[in-house]
Each structure stands twice: as C-alpha cells, then as structure tokens.
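Structural overview
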Amino acid sequence: MKKKEKTDKKRSLQEEEEEQQLFSLNDKPFKEDEDDDDDDLSDSVDSVYSGLEDSGSDSEEEEDKDEEEGSDEDDDENDSAANDDDDKNDESNKNAEDQIQKKTVKKSKKKEETEEKEVKKENEYEHDSSDEEDIRNTVGNIPMEWYKDFPHIGYDLDGRKIFKPIRNKDELDEFLDKMENPEYWRTVHDKKTASDIVLSDEQIELVNRLQKGQFGDVNFKEHEPMVEFFSNEVMIHPVTNRPADKRSFIPSLIEKEKVSKLVHAIKMGWIKPRRVEDDSKGRFYDLWASEDSSILAKHRMHLPAPKIPLPGHEESYNPPPEYLFTDEEKALWEQQDPSDRKLPFIPNKYSSLRQVPAFSRFIHERFERCLDLYLCPRQRKMRVNVNPEDLIPKLPKPKDLQPFPTTQSLVYRGHSSLVRSISVSPSGQWLASGSDDGSIRLWEVCSSRCMKTIQVGGAVKSVAWNPNPSLCLLAVAVESTVLILSPALADKLVISSSEKFLTGQQEEGPSDGADPVVWSETEGEELNQGIRLKIKHPKVVHQVTWHAKGDYLASVMPEHSSNLQVFIHQVSKRRSQNPFRKSKGLVQCVSFHPIRPYFFVATQRCVRIYNLVKQEMTKKLQANSKWISSIAVHPGGDHVICGSYDCRMSWFDLDLSTKPYKMLRHHKKAVRGVAYHRGYPLFASASDDGSVIVCHGTVYNDLLQNPLIVPVKVLRGHVITHDLGVLDVTFHPTQPWVFSSGADATIRLFT
C-alpha cells in the first residue's frame, strides 16, 4: 500500500510540474508590434525545448529527494521501486514532449496568422494626412492675399517672420516649365508656404474622386447598416454612479515630481528654455554713456563727441598775475564780438574759495554743450597716409625732351604801338608783323633787320603768311578790309608764280542781290607798296587764316546779330562765300584742318567742326571755359588746343571725346594765343602775365596711349603794358624756335 501511495504521489507531482511548464509556455506574450528578428528567435521552438531540458533536470532532483526519504524503510524495496519509477518517468516524459510539440505547432500557426493580420493592418499613423499638413506657418486660416505686399508670408512657432522664397518666374519661364517639365501638370502652388508641391498618385486619385462627388476613402461603404451604439430608449438610472476619486481633488504628486525635476534641470543648465529676444535692447542706447562701455563704441561709423577742454590757469579762483587782464585788455575784450574773444570770461582773483560767487554763464555753457553734442554734425574723414611725392605724376625730365626754346636771342624793335599779330614765312627766312600803329613790317629772322615797312592806314588785327612754299603772299586784316600783299622777298620764280596766281579773273556767279564782299585791285601807291588785292567786308575783320593748299582764305567778323561772321574766299577765282546761314554764337576764331576737308569754328564756349565736303557739322567740342580766345590744330589733325580768357588751355583728343583730355592752368592771366610746331612735339601759349610757356606734347600713333604733355620752359621778357602782356605766339616752321609779340611794341625770338 505504501508503495502504491508513493507512486501516486510521484505521478501527481509530475503532472503538476508538466501543467505548470505548459502554462508558463502558453503565457509568454507575442510581441506583435515589433518585427525584429531577435524577437522571433526568442519565441522559436528551440527556446521551448531548452525550457523542457531544465524542467527535466528538476524532476530528477525531486526523485533523488524522494529516494532519500524512503531509504530508512527498506533499501531493497526502494531499489526495485526506483527502477519501476525510472521506467514510468521515461514514458511520462515522452508523453509530455508530444503534447508540447503539438502545442508549439499550434502556437506557430497562430503566430503566422497574427503576422498576416499585421501585414494587412498597417500603422494608421504612418500615412497620416491631416488638414494641418504644414504647421510651420502659424497665421491660421486667413486669405494669404493679405501678405502680398510684405516680404514675409507668415510667422513660425517662435513668432519670427517666414520670408517668401525668391520667385522671379515670369510668363516666359512659366511657359518653358510647362513645355519641358513632365511633372508640371501635377504641381500645385501652396499659398501658405509659398512653395510648389508635386502631388503623388494617391493624392491625384483622391482629387479625382472628390471632383466626381465620391467619398475620399476608397474602402468606405456608404450603404452599410448603421450600428446603434446607444439604444433609443431613455434610461432612468445612469450607466455608472461611481463617486469621483479622491485624487481628482488633490494636486498630483507625480506631476509635482516631474515639475521639480524640470526646474532642477533648468537651474543646473541642462535644459535651456526658449529665449525671447528683446529688440528694444539694440534699438535704443544710452546717448550719454561713456564711449568705451556703451553700445556706441560697437557702431562702425560712430564718432565720439568732442571732449570739453580741461580748465586752465586762467579759470582758477586765484590765478597767477600774468593771467589777469589789464585795463586795456579788458576794454578790448568788451569791444570784441563774443565769437572773436579768446576767453568767454574775464579771469578774476579771490582770496579764498568761500568768496567765489556763482558762475553766471553756467546754464548757458551747459546748454551750448548739449547743443554741441546732439546738433553739431560730425563727419568721419578717412585719412590716407600718402607720400606727397607719389601723387605727382612721373614725368620725364625736361633735359630728356630737348630741343625746345630756352633763351631769348633776338628782339625786333620798330613798332610804336602794341603788336597784335605775327606770322613766319614757310621758308622760315621772313617774319611779318602787324601793329596798332597802322604799319606792317617785314623782318629778316636771323638778323632782326626790318626789310620793308608798309603803311596801311589803320590798326592791323591779323597777318597770315601763305603756307604754300611756291607762293609768296601775305594776308592782312585792316579794319573792314583784307589785303593780299606780294612782298617780293623771295627768288624771282616764286615772285613770278605769285603774280600769275593773283592775275586770275573774277567769276561771274549767279548773284541773288547785293554781294556783301567786294573784290578790287589796287593802283598807284598801294600797288608800288606790294598790295595786290583788296577784299572789302561789311564789318571789321578780326582774323584771317589760310588753307594748307594756299588757295582758300577765311576771315572772321565777330557780330552777335549777324549771320555774316565767317567768309571763305578763293583767291585764284576771286570769289567769296558765307558757309553758314545763321550764327551759332559769337565766332572768335577759325582754322582749317591741315589734312582733311574740315573747318574749325570757335565760338565763346565751344568749338564746332564742320565737314566742308558733306556741308554738315561732325563734332562739337565743349571747352569748359568761359570765353575762348584762340585755337590751334595739331599738324597730325587729331588734336586741338584752345586758349581762353579765364587763364585756361584745353587739349582735345578728337578720337577720345568731345570734352577736354587735359585742362592746363599754367598762366595767371588771360591766354591770348596758342600755337603748335609743325615738326617738333612742342606747343606754346602766350598770356597777359607777360610769359610764354612752352610745353612738350608727344602724340602717339597707338590710340590706346594718351598724349604726353609736359611743361618744359617758361619764357619771360615782355613788359606788361596797359595790363596787356604777350598778344601772339608762333613757331619757326623748321627750327625749335618761338616768336612772341607783345603790348610793349616788341617781337622776341626765343631759341
């Protein structure tokens, strides 16, 4: 009986253990939400069997205990019983393993089913499409047209402005985008964020469904029977009448603990709360703060206020005696204007500080100081430390630019009044001069000997030698007449060719009326003096100039109201023409271009260049001076210099600009005459200050290289008479010599 009871006990114990193992296996939860491989391994069949092996070992230990208990009764019976128990244990273990295998198979099937369900049932928050898709812009549901005139489109969570993206798309860009972009048809513009959004296929399908009046959700069944969650019968008693919890009336201890943790983290600096930037801090600052500590010092263009000068000895209540005013100084101080006084007060002497009265001008001085601080304009001037020598252009030394005239060689004396005009013959052997004493003198250049004196009975305004070397002719402007002289100072061939040139007959042209210019031949005394032709003008002639070929002659009669200011005469055919229908200002002087058929006309403020072939104006040069006095054209024809009565000389580069390339202010008084040398890179200017300034002016063939202008010599010698100095200047045609005529009735040669 005892054996039977023992075996029953052991069986019941084994069954309980097996049931516990099975229940512990069944109670293990499946991790449905996680799809990791590690979790799958933890629930695998191997892990179940590993648990069984452990449980088997436990049963063996219990059997050993039971054997120890029953050893006192009978060892033989125990041995036989133990053998029987071992056999039975093997059988029971096999049965338990079969049951566990069946249950694990069922479990794996269940797990596969749940996984299939998980695949079907996706995370509902993964593709969440709420109405508030982009919550960066917090302006709410308002018309976005309100922001069309602002650079921003709204505000973010911190209250900062969200600026619009730079959209410079015009209609052309829109059209190109439409043609080239394959996603254009599904791109929409979001007004709230001012950005372009490309719609997905699901979104386009949703839009199409909504446009057709269908439901947005495809799986929604509109004809499904309604589920009544609540009955339509009104119940008397509530569903639950449970009293409110005590914790709903007491502050939450859990929340208190959380808050205290956050406060501690903020105190320790682990959590930094969001800072609200105060704009007023940067906008307003202390105007009267010290310069170093204030925000003022950080400003880039800040200018510190001028400091008050420290008080000196004269402001002491007991100054030294030399600082006290005498009676004369006191009287002078009282007579002076307050702005002219060195001190704004009179120094006084007191025996003790107790006797010093209140300063009467204290409030006045404080007020003036405040005015100085906030009204006085202070300007920052950037001081550049430059060596003054670096600012001077690097010009070549005058020694390297020789030859040029340096010394006075000869003085031509003989005129009794101021010599207004001089001209050198093309050969360079003879010099002609015209004076206000009514005479024309012809000089030999080398010896300063006067070869001939011709009295013309009036002040000579201008003389001009014919530039053609095969002719020996001189044009002279006397009052309203232009005289053509044959001086007969050359060889016989030149004289005979000049006489033949002058014997041409006047052409009978179609005359519209009275001709303003009258040509006439001379007789008697005038013919003996060498005067061959007279050209009578309606007004006083101020200048005559020849064309380079020697056949044409231009004369100038400055007159405001008249259009007959310039005449061009052809000597060989004895005809004259007025090239301008109306006057464009008071004409001062004219000049022919040395190579091209251009005609320069200088009025008071500008120089006009006319094309004689096309009969049109090609250029207008702005001289930037008040009154042009003289003009000279470079032998190359691309450069012009103009002298003016406001002491300036303008150099024009005709290829460069219509404004002066360089303004030269070398003279102290009015510039009366300018001249270029035919062969050397020299030009000269004559002024009323009694000086002739010779400059070196190299003109390069390279258009990119600017002319080199260097003043090389100031020539003096003329005496200023009646506020007039040098009246005319001209160069020798072949030598680097310059002639000048002055108001002192002399002509001087500088070589």
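In this text the structure is predicted, and so the values were computed from the model without any measurement.

**A few points about helix 7 (residues 253-268)**
A rise of 1.5 Å per residue sets the reference length of helix 7, with its 16 residues, at 22 Å; its end C-alpha atoms lie 22 Å apart and thus fit the reference within 8%. Burial runs low along helix 7: only one of the 16 residues are buried. A distance of 3.4 Å separates the backbone nitrogen of Ile254 from a side-chain oxygen at the start of helix 7, and that oxygen is part of Ser252. Looking one or two residues past helix 7, Gly269 carries a phi angle of roughly 85 degrees, positive in sign.

**Let's talk about unusual backbone geometry**
A cis amide bond links Gln402 with the next residue in sequence, Pro403, at an omega value of 10 degrees. Within the fold, Pro403 resides in the loop between helix 11 (388-391) and strand 5 (408-413). Even without a glycine there, the phi angle at Ala488 is positive, about 60 degrees. Following the sequence through the fold, Ala488 ends up in the loop between strand 12 (481-485) and helix 12 (492-502). Not every positive phi belongs to a glycine, and Asp723 is a case in point at roughly 60 degrees. Turning to its location among the elements, Asp723 is positioned in the loop between strand 30 (708-716) and strand 31 (726-731).

**Some points on a nonpolar patch on the surface**
Together, Leu262, Ile266, Met268, Trp270 and Ile271 give the surface a local cluster of nonpolar side chains, amounting to about 530 Å² of exposed area. By the element assignment, Met268 lies in helix 7. Judged by relative accessible area, Met268 falls into the partly exposed class, the value being 47%.

**Some points on the UniProt feature "repeat: WD" (unreviewed entry) in the protein chain**
Following the UniProt record, one finds the feature "repeat: WD" (unreviewed entry) at residues 412-453 and 719-751. For residues 719-751, the end-to-end C-alpha separation is 19 Å, with 0% helix and 48% strand making up the annotated structure.

**Topic: helix 12**
Those residues of helix 12 that fall on the buried side of the exposure criterion are Val494, Ser498, Phe501 and Leu502. The buried side chains of helix 12 occupy one side of the element, clustering within an arc of 90 degrees when seen end-on. Seen from the buried face of helix 12, the exposed residues on the opposite side, beyond 90 degrees, are Lys492, Leu493 and Lys500. Buried residues along helix 12 sit in contact with strand 12 and strand 14 (531-536).

**A look at the nonpolar core**
Buried together is how nonpolar side chains tend to be arranged in soluble globular proteins. Formed by 20 residues in total, the largest nonpolar core has its most connected members in Val482, Ile484, Leu502, Ile535, Val544, Trp546 and Leu553. Those elements that place two or more of their residues in this core are strand 11 (474-478), strand 12, helix 12, strand 14 and strand 15 (543-546). Counting 18 residues, the second-largest nonpolar core is a separate cluster that includes Ile454, Cys472, Val478 and Leu483.

**What about the environment of Ile709?**
Relative to the assigned elements, Ile709 resides in strand 30. Counting along the chain gives 58 residues from Ile709 to Trp651, while the straight-line C-alpha distance between them is 9.4 Å. Those residues in contact with Ile709 that lie beyond four places of it in its chain are Leu395, Trp651, Tyr661, Lys662, Leu664, Phe683, His696 and Gly697.

**Focus on the packing of aromatic side chains**
To describe a pair of aromatic rings, one takes the distance between the centres and the angle between the planes. As enumerated under the stated definition, the model contains 10 aromatic pairs in all. Where Phe592 meets Phe599, the ring centres are 5.0 Å apart and the plane angle is 45 degrees; that geometry is what we call tilted. Its relative accessible area of 0% is what places Phe599 among the buried residues. One aromatic cluster in this structure is built from Tyr412, Trp443 and Phe739. If you follow Arg341 out to its NZ or CZ, it ends over the ring of Trp333, 3.9 Å from the centre.

Here is what the cut-offs are and how they apply
- Residues numbered from 1 in each chain as written.
- Predicted model: local features only at pLDDT ≥ 70, side-chain atom pairs only at ≥ 80, totals over all residues.
- Heavy atoms only, no water.
- Helix = DSSP H or I, 4+ residues; strand = E, 2+ residues; numbered from the N terminus.
- Expected span 1.5 Å × (residues − 1).
- Buried < 20%, exposed > 50% of the residue type's maximum accessible area, 1.4 Å probe, protein only.
- Polar contact = N/O pair within 3.5 Å; in protein donor to acceptor, adjacent residues only side chain to side chain.
- Patch = residues over 30% accessible without salt bridge, like charges linked within 9 Å, V, L, I, M, F, W, Y side chains within 5 Å.
- Areas by Shrake-Rupley, 256 points an atom, 1.4 Å probe, with all protein chains shown as cover.
- Salt bridge = Lys/Arg side-chain N within 4 Å of Asp/Glu carboxyl O.
- UniProt positions renumbered as here; feature names shortened; annotations may be inferred.
- Arc of directions from axis to C-beta.
- Contact = heavy atoms within 4.5 Å.
- Core = buried A, V, L, I, M, F, W, Y, C linked by side-chain atoms within 4.5 Å.
- Phe/Tyr/Trp six-rings, centres within 6.5 Å; stacked < 30°, edge-to-face > 60°.
- Lys NZ or Arg CZ within 6 Å of the ring centre and 35° of its normal.

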